[in-house]
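What follows is the residue order along each chain.
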Amino acid sequence: MTMADADLASLVARVVDETPAFDMHTHLFAPEMGSLLLCGADEALNFHYLVSESFRVHHMPYHEFWGLSKAQRAEVVWNSLFRDTSPVSEAASGVVEIARAMGCDTGRLTLTALREALSDVPTAEYISRIMNLANVTHIVMTNDPFDDQETAFWSEMGGMDKRFLASLRLDKLMNQYSSVVPVLIAKGYEVDESLSGRSVVELRRFLEDCADAVHPLYVAFSTADDFVYPEPDGVRGRILKEVVLPFCRERGLPLSLMMGARRQVNPALRAAGDSLANAPVRPLESLCADYPDNRFLVSMLARENQHALVVAARKFHNLMPFGCWWFVNTDTLVEEIIRMRLELLGPTFIAQHSDARVLEHLIYKWQRARRVLTRVLADKYENLQSSGWLVTEDVIRRDVEQLFSGNFRQFVGLAESSG
Ligand code: FIX
Ligand code: ZN
């Protein structure tokens, strides 16, 4: 039976709200990894998105800002973005959404009230509360084998909170190889800068060791606009071809490429100093064509690249577009991208990831994703209905489940029942 448009829209909203999400890319860590899991008001206000926005208001010299304690920086950000201007940006209004979900009176929100409502200590109950509010079942971490603070916990990873799963992040290996050579040598791997001798075999052994330690769901690295493929003589090209791709193939792991991040355009802003670049899609197409037995999870940072990425995914079934990353994770652009992907791919992509750096980010990032997906899907189902197609609750549930979790699970080979 055909539903009235308003009934259909509220059914879609309910199903989207009720469908759990598998958050396939975050910068959160299992609670057993101690101070690596960030939470609380001061961390939320020190989020690099807010830090960069705050400089547009307070104009403090960089050294002065970074010389402050974390709590003082949180106050500067608060004053700049919530007292002296209105929090209308994506990131700033996200704080208001977090506050509301955590029970604050957002009509007269103060920094003190926010600090009281959010916990600085990620107890198991607090994590469950936040994950329930966001309706997220699993959180994929970004695990960097060259971060000593993190790798100190790797041997205990097997016994950690099962809701947190690993991904192996290889930016340093792929983008700054010469800088990690001494580190690898110190760890006992026989490598050199020109990849001669046993280097390739040893790099492979290094990846095997990392994977044995963290059991990643996928391997990842980000690129700027300088990523080329094929690159037979370049070090990165050789590592990709001779080490990473065969490793991924043999272990059945997808390779995630996060394309278009131009790092440290303004180093004085520290983590907030990265920007974006329009990245060519051709190398990606060639990779997908040359390695049909590899699977590629891909997100692109520039709005200009989204259309080409979707078209590439029509051509190559080993390519899975995921999420709306960072500078395109705004209401307007998420709507545009999800609409474009649905129109060109149907529900065969990964609708969103949170990229959360602070636990409470899960709340607003997923609330937003759900609102946008509801709008777009309601519109699509209304059109289908008006063509006589039967749209039922079961059908909507199936589609949303695929977009929020199923497509990712299937792509990384996670059985429905496991995890
Ligand atoms: O490379 C990444 O995974 C990016 O998401 C981060 O580096 C970035 O700082 C970020 O947090 C974006 O949301
Ligand atoms: Zn990220």
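What counts, and at which threshold
- Residues numbered from 1 in each chain as written.
- Chains lettered and ligands numbered in written order.
- Predicted model: local features only at pLDDT ≥ 70, side-chain atom pairs only at ≥ 80, totals over all residues.
- Heavy atoms only, no water.
- Helix = DSSP H or I, 4+ residues; strand = E, 2+ residues; numbered from the N terminus.
- Rg over C-alpha atoms; globule rule 2.2 N^0.38 Å.
- Buried < 20%, exposed > 50% of the residue type's maximum accessible area, 1.4 Å probe, protein only.
- Contact = heavy atoms within 4.5 Å.
- Areas by Shrake-Rupley, 256 points an atom, 1.4 Å probe, with all protein chains shown as cover.
- Donors = N, O, S within 2.8 Å, 3.2 Å for Na, K, Ca; no water.
- Pairing = 2+ DSSP bridges.
- Axes fitted to C-alpha atoms, helices over the stretch in contact; angles between N-to-C directions.
- Near = heavy atom within 4 Å.
- Polar contact = N/O pair within 3.5 Å; in protein donor to acceptor, adjacent residues only side chain to side chain.
- 1 Å grid on protein atoms, 1.4 Å probe; cavity = no way out; pocket = protein on both sides within 12 Å on 5 of 7 lines; lining within 4 Å.
- Sits in = over half its atoms within 2 Å of the grid points.
- Nonpolar A, V, L, I, M, F, W, Y, C, P; charged D, E, K, R; others polar.
- Parallel < 35°, antiparallel > 145°, perpendicular 65-115°, else oblique.
- Left-handed = near helix turned anticlockwise from the far one by under 90°.
- Lys, Arg positive; Asp, Glu negative; His and termini not counted.
- Salt bridge = Lys/Arg side-chain N within 4 Å of Asp/Glu carboxyl O.
- Phe/Tyr/Trp six-rings, centres within 6.5 Å; stacked < 30°, edge-to-face > 60°.

A.B. asks: Tell me about the overall build of the protein, and name the residues and values.
C.D. replies: For the protein, the count of helices and strands is 18 helices and 10 strands. The C-alpha atoms of the protein give 22 Å as radius of gyration, which agrees with the globular expectation for 419 residues (22 Å, within 12%). Projected onto its principal axes, the C-alpha coordinates of the protein cover approximately 65 × 60 × 40 Å. Burial statistics for the protein: of 419 residues in total, 55% are counted as buried. A separation of at least 24 residues holds for 76% of the contacts in the protein among residues at least 6 apart in sequence. Carbon and sulfur atoms make up 52% of the accessible area of the protein, which totals about 17,500 Å².

A.B. asks: Can you explain the coordination of the zinc ion (ligand 2)? Please cite residues and give values.
C.D. replies: Each protein donor to the zinc ion (ligand 2) is listed here as H25 (NE2), H27 (NE2) and D355 (OD); together their distances run 2.0 to 2.1 Å. Along the chain, the residues donating to the zinc ion (ligand 2) are arranged with the sequence spacing H-x1-H-x327-D. H27 shares its class with H25; the two are buried.

A.B. asks: Go over the side chain of D171, please, and point to the residues and values.
C.D. replies: Looking at where D171 falls in the secondary structure, it is placed in helix α10 (residues 171-175). Apart from residues lying up to four places away in sequence, D171 is in contact with Q176, A220, F221, S222 and R263.

A.B. asks: Requested: an account of the sheet that holds strand β2 (residues 136-140), with residues and values cited.
C.D. replies: In spatial order, the strands read β1-β2-β3; together these three strands make up an open sheet with parallel pairing. Strand pairing shows two members of the sheet lacking a second neighbour, β1 (21-23) and β3 (164-165), which therefore form its edges. Note: β1 against β2, three bridges, orientation parallel. Paired with A21 across the strands is V136, a residue of β2. Across the face of the sheet, helix α8 (residues 124-134) comes into contact with β2 and β3 while running at roughly 110° to β2. Against the sheet, helix α18 (residues 393-412) contacts β1 and β2, and its axis sits at roughly 55° relative to β1.

A.B. asks: Provide a residue-level description of unusual backbone geometry, including the pertinent values.
C.D. replies: A cis amide bond, omega 0°, links Y229 with the succeeding residue P230. For P230, the position within the fold is in the loop between β5 (219-223) and α13 (235-251). Of note in this structure, L195 is not a glycine but carries a positive phi near 60°. Following the sequence through the fold, L195 ends up in the loop between α11 (177-186) and α12 (199-214). One non-glycine residue with positive phi stands out, namely R270, at about 55°. Classification of R270 by relative accessible area gives partly exposed; the value is 45%.

A.B. asks: Please give an account of the environment of H361 that cites residues and values.
C.D. replies: If you trace the backbone, H361 turns up in helix α17 (residues 361-386). The class for H361 is buried, based on a relative accessible area of 2%. Sequence separation of H361 and R341 is 20 residues, and the distance between their C-alpha atoms is 25 Å. Residue contacts for H361: discarding those within four places in its chain leaves A44, F47, I98 and A356.

A.B. asks: Can you explain the site of ligand 1? Please cite residues and give values.
C.D. replies: As a structural note, the neighbourhood of ligand 1 is formed by H25, H27, H48, Y49, R169, M258, R263, W325, W326, D355 and R357. The separation between an oxygen atom of ligand 1 and a polar side-chain atom of H27 is 3.0 Å. A distance of 2.7 Å separates an oxygen atom of ligand 1 from a polar side-chain atom of R357. For ligand 1, the protein covers 96% of the area, taking 330 Å² as the surface of the free molecule. One can see that ligand 1 is located within the largest pocket. Considered class by class, the residues forming the shell around ligand 1 number four nonpolar, three polar and four charged.

A.B. asks: I'd love a proper account of the packing of α12 against α13, names of residues and values included.
C.D. replies: The contact between α12 and α13 brings their axes to 10 Å, and the two run at 40°. The angle between α12 and α13 places the two elements in the oblique class. As α12 runs across α13, the sense of the crossing is right-handed. Of the residues in α13, those touching α12 at V200, L203, R204, L207, E208, A211 and D212 are R238, I239, E242, V243, V244, P246, F247, E250 and R251. Among the residues making up the contact of α12 with α13, the classes are represented as nine nonpolar, no polar and seven charged.

A.B. asks: Break down the side chain of E360 for me, citing the residues and quoting the values.
C.D. replies: Structurally, E360 is set in the loop between α16 (331-345) and α17. Within the buried core, E360 has no salt-bridge partner, and the shortest N-O distance to an opposite charge, that of R129, equals 8.4 Å. Not counting residues up to four positions away in its chain, the partners in contact with E360 are C39, G40, I98, L118, S119, Y126 and I130.

A.B. asks: How would you summarise the packing of aromatic side chains if you had to cite specific residues and measurements?
C.D. replies: What the rule picks out here adds up to 14 aromatic pairs. A ring pair is formed by F55 and Y62, whose centres lie 5.0 Å apart and whose planes are at 45°; its orientation type is tilted. Look at F55 and you get buried, because its relative accessible area is 9%. On the basis of an interplanar angle of 65° and a centroid distance of 6.2 Å, the ring pair of F221 and F227 is categorised as edge-to-face. For the pair formed by F221 and F227, the shared burial category is buried. What links up through ring pairs into an aromatic cluster is the set F55, Y62, F65 and W66.

Functional significance is not addressed by these values, which are geometric in nature.
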